[in-house]
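Letter by letter, the chains look like this.
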Amino acid sequence: MIEIFDLFLENDFDVYFVGQKFGICNKKYVVIRDAGTIPIYSNKAGTQIIDIIGYVPNSKYTEIEPFKKNIKEVMKEYPARITGEESPVVPDNEVKGYTFVITYQIQKLIQ
């Protein structure tokens with residue numbers, strides 16, 4: 001997940017892990033969340049689920065779709081597969097912004 005974090009930084013995104021960002025959404029940013037691992041192949045390998053959570057200020061609704069496209073372009077540089085699962089855009093009154101989730105999978109060995 002650190003590699004994903006660094007990839008977003010290299011592409012000039014404001015990026016955080018879960019629990020690092022607090023307060024009002026004044027500009028677009030992403031939060032990276034490890035959503036768990038699903039074991040496959042007799043528990044020797046698994047699929048790690050990564051959620052990329054996007055935040056956009058309330059006043060910037062029209063920037064949501066271009067922001068999603070930018071996130072997907074950045075993630076093409078990482079060996080993860082987009083699942084096709086995207087949450088609807090929902091208002092987050094706590095941060096005064098809109099939020100959405102794009103889900104990715106990474107194949108990995110289970111230790």
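(A) Main features of the pattern of salt bridges. Applying the stated criterion across every chain, the model contains 7 salt bridges. Put simply, Lys-27 and Asp-14 hold a salt bridge, and the shortest N to O gap is 3.1 Å. Taken together, the residues span a long stretch of sequence, with Lys-27 in the loop between β1 (15–17) and β2 (29–40) and Asp-14 in the loop between α1 (2–10) and β1 at a distance of 13 residues. Here Glu-86 makes a salt bridge to Lys-72, at a shortest N to O gap of 2.6 Å. Within this pair, whereas Glu-86 is found in strand β4 (residues 81–86), its partner Lys-72 is found in helix α2 (residues 64–75), the two being separated by 14 residues in sequence. By relative accessible area, Glu-86 is classed as partly exposed at 31%. The class of Lys-72 is partly exposed, set by a relative accessible area of 27%. When salt bridges that share partners are traced, they join Glu-65, Lys-68, Lys-72 and Glu-86 into one network.

(B) Fine view of α1. What α1 keeps buried is the set Ile-4, Phe-5, Leu-7 and Phe-8. Along the long axis of α1, the arc covered by the buried residues comes to 160°, so they all point the same way. Summarising the geometry of α1, the exposed residues directed more than 90 degrees from the buried face are Ile-2 and Glu-10. Two residues or fewer after α1 comes Asp-12, characterised by a positive phi angle close to 65°.

(C) Structural context of the nonpolar core. Ile-4, Phe-8, Val-30, Ile-32, Ile-52, Ile-71 and Met-75 are the most contacted members of the largest nonpolar core, which totals 23 residues. Contributions of two or more residues to this core are made by α1, β2, β3 (45–57), α2 and β6 (97–109). Apart from residues lying up to four places away in sequence, Ile-52 is in contact with Ile-4, Phe-8, Val-30, Val-31, Ile-32, Ile-71, Met-75, Phe-100, Val-101, Ile-102 and Tyr-104.

About the thresholds
- Residues numbered from 1 in each chain as written.
- Predicted model: local features only at pLDDT ≥ 70, side-chain atom pairs only at ≥ 80, totals over all residues.
- Heavy atoms only, no water.
- Salt bridge = Lys/Arg side-chain N within 4 Å of Asp/Glu carboxyl O.
- Helix = DSSP H or I, 4+ residues; strand = E, 2+ residues; numbered from the N terminus.
- Buried < 20%, exposed > 50% of the residue type's maximum accessible area, 1.4 Å probe, protein only.
- Arc of directions from axis to C-beta.
- Core = buried A, V, L, I, M, F, W, Y, C linked by side-chain atoms within 4.5 Å.
- Contact = heavy atoms within 4.5 Å.

Honestly, that's just the spatial picture; any functional story needs more than this.
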